[in-house]
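Single-letter residue listing:
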Number of protein chains: 2
Amino acid sequence: MTKPNTKPITVWLTRKPSWLSASWAVVLILEELQVPYVIESFRFNDVKNRPCTDICPNGGVPGMYHHLEEVYDTEKKVTYEPLNERQLLNQYLHFQMSGQGPYYGQAGWFNVLYHGRIPSTIERYNGQVRRFLDVLSTYLSFMSWNCRLDMLLQTPPGEDPLAKYPDLIDDQGLMPNDMPKGINNIKEYEEQIAREAAEKEEQ
Amino acid sequence: MTKPNTKPITVWLTRKPSWLSASWAVVLILEELQVPYVIESFRFNDVKNRPCTDICPNGGVPGMYHHLEEVYDTEKKVTYEPLNERQLLNQYLHFQMSGQGPYYGQAGWFNVLYHGRIPSTIERYNGQVRRFLDVLSTYLSFMSWNCRLDMLLQTPPGEDPLAKYPDLIDDQGLMPNDMPKGINNIKEYEEQIAREAAEKEEQ
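Summarised in this report is the structure supplied together with it. (Residues numbered from 1 in each chain as written. Chains lettered and ligands numbered in written order. Predicted model: local features only at pLDDT ≥ 70, side-chain atom pairs only at ≥ 80, totals over all residues. Heavy atoms only, no water.)

### Overview of the overall build of chain A
No. 1: Scanning chain A for helices and strands turns up eight helices and two strands.
No. 2: From first element to last, N terminus to C terminus, chain A shows the α and β order β-α-β-α-α-α-α-α-α-α.
No. 3: Sequence-distant contacts in chain A: of pairs separated by 6 or more residues, those separated by 24 or more amount to 57%.
No. 4: Split by element, the accessible area of chain A, about 12800 Å² in all, is 55% carbon and sulfur. (Helix = DSSP H or I, 4+ residues; strand = E, 2+ residues; numbered from the N terminus. Contact = heavy atoms within 4.5 Å. Areas by Shrake-Rupley, 256 points an atom, 1.4 Å probe, with all protein chains shown as cover.)

### Remarks on the pattern of salt bridges
No. 1: Under the criterion given, the structure shown has eight salt bridges over all chains.
No. 2: One salt bridge in this structure joins Arg 86 of chain A and Glu 70 of chain B, with 2.9 Å as the shortest N-O distance. Of this pair, Arg 86 of chain A sits in helix H4 (residues 83-113) while Glu 70 of chain B sits in helix H3 (residues 65-72), which puts the two residues in different chains. (Salt bridge = Lys/Arg side-chain N within 4 Å of Asp/Glu carboxyl O.)

### Regarding the packing of aromatic side chains
No. 1: Inspection of the entire model under this criterion finds 18 aromatic pairs over all chains.
No. 2: The interplanar angle of 35 degrees and the centroid separation of 6.3 Å between the aromatic rings of Trp 109 of chain A and Tyr 114 of chain A together place this pair among those described as tilted.
No. 3: Relative to Phe 42 of chain B, the ring of Trp 12 of chain B lies with its centre 6.3 Å away and its plane at 65 degrees, an arrangement referred to as edge-to-face. Note that Trp 12 of chain B is positioned in strand E1 (residues 9-13) and Phe 42 of chain B in the loop between strand E2 (37-41) and helix H2 (52-55), a separation of 30 residues in sequence.
No. 4: Of the residues examined, Trp 12 of chain B reaches a relative accessible area of 48% and is grouped as partly exposed.
No. 5: Among the residues examined, Phe 42 of chain B registers a relative accessible area of 18% and is labelled buried.
No. 6: Above the ring of Phe 132 of chain A, the side-chain terminus of Arg 131 of chain A is found at 4.8 Å from the ring centroid. (Phe/Tyr/Trp six-rings, centres within 6.5 Å; stacked < 30°, edge-to-face > 60°. Buried < 20%, exposed > 50% of the residue type's maximum accessible area, 1.4 Å probe, protein only. Lys NZ or Arg CZ within 6 Å of the ring centre and 35° of its normal.)

### Notes on the relation of the copies chain A and chain B
No. 1: Mapping chain A onto chain B calls for a screw motion: a turn of 180 degrees about the axis and a shift of 0.0 Å along it, with 0.1 Å RMSD after fitting. These values place the two chain copies in the arrangement generated by a two-fold rotation axis. Taking C-alpha positions as the reference, the residue of chain A nearest the rotation axis is Ser 98 of chain A, at 2.2 Å.
No. 2: When the interface residues of chain A are mapped onto chain B, 100% of them again fall at the interface, so both copies present the same face. (Least-squares fit on C-alpha atoms with pLDDT ≥ 70 in both.)

### Comments concerning the nonpolar core
No. 1: Judged by nonpolar contacts, the single largest core of 40 residues is most densely connected at Val 129 and Leu 149 of chain A together with Val 129 and Leu 149 of chain B.
No. 2: At the level of elements, H4, helix H5 (119-138) and helix H6 (149-153) of chain A together with helix H4 (83-113), helix H5 (119-138) and helix H6 (149-153) of chain B are the ones that each hand at least two residues to this core.
No. 3: Once residues within four sequence positions are removed from consideration, Leu 149 of chain A is found in contact with Tyr 104, Val 129, Leu 133, Gln 154, Pro 161 and Leu 162 of chain A. (Core = buried A, V, L, I, M, F, W, Y, C linked by side-chain atoms within 4.5 Å.)

### Focus: the interface of chain A and chain B
No. 1: On the chain B side, the residues contacting the 37 residues of chain A number 37 residues.
No. 2: Between chain A and chain B lies a buried interface of about 3100 Å² when both sides are counted; carbon and sulfur atoms form 53% of it.
No. 3: Here chain A is connected to chain B by two salt bridges.
No. 4: Run the count over chain A and chain B and you get 16 residue pairs in polar contact (both at pLDDT 80 or more).
No. 5: Breaking the side of chain A that touches chain B down by element, the ones donating at least two residues are helix H2 (52-55), helix H3 (65-72), H4 and H5 of chain A.
No. 6: A total of 15 residues in the side of chain A that touches chain B trace back to one element, the largest contributor, which is H4 of chain A.
No. 7: The class makeup of the residues in the side of chain A that touches chain B is 19 nonpolar, twelve polar and six charged. (Buried area = accessible area lost by both parts, 1.4 Å probe. Polar contact = N/O pair within 3.5 Å; in protein donor to acceptor, adjacent residues only side chain to side chain. Nonpolar A, V, L, I, M, F, W, Y, C, P; charged D, E, K, R; others polar.)

This is how it looks when you write it as structure tokens:
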């Protein structure tokens, strides 16, 4: 169900994997707020050229979450009204933007994308990724799940990069693959989600 | 002149140079908004421990600019009222937080702080710093001045890292050392600033 009489927003997506999640976050917000939208795609090759750079001079794909929230989230579904809660959310956003994002990005660059292999540089950024996991697990009490952590850190086959945090994973009733305990595959998971939604509907 | 009947805010500073500018930005905002404050200092060694991490789990020194603006900047002296201007300002803040800050930081780490020398890694981050200078100069039409760019990039003695942007510097009537043309040293500069302030007072 979408709000009537609203001109659809155009969401521009590009297929660079590490940026795609930021673009899908926009879609998640629009879905949650029931704002109509259409999706258009463009080539990654074009992002550093005009007209893209007229909108984002840095040649990135901005998400504009604040803007969407302020304009469309009149019922505060994806943000908070009180000053304190809103600023804590903002603090977490800046932790992600200035720390987690850039450092995961550097780890990805030197582990996966760069043509050479520089052990001391890789050591620095893998260490930073582990530090961010520690911050997330210890103080923020929830894990920013990333099912490609093993690829990012290039951990040996069979080694679980989140093994250090068993209680946290256990608390949420999840297994290391992010699925609930007792669920064997994505089909079973989808069936469980549908079943829970139906039960909620009945109440 | 400060606003009466306001309990002074305590500004906590630590002497890590790259963080000090963020802390001084808080002081600049408080001065501009005439909010009373007192300065306390703490050791850099303590920043990754409690009680610091109770406030900032990442062990950094947060600036809380948004919070200060929202609570104290009732006359919109350091921000904007209209949605569009405010979000453009926010876009620039995130450019600094997610791009300029972290990448300048990596350049500083590998050029200055790290005990070894890794040419290919240095090349990556010096290239990124130059890319950010290009973005700032071409689209945002003003330069984020940094009088330690030569140290950051370890440019050869006598080489000006901003030589590529003569028009921009010229437009603002500045010399590469950030002082106005015709001014030979900081004493002359301070005298000029005092003279201009006096002239403005008379008008």
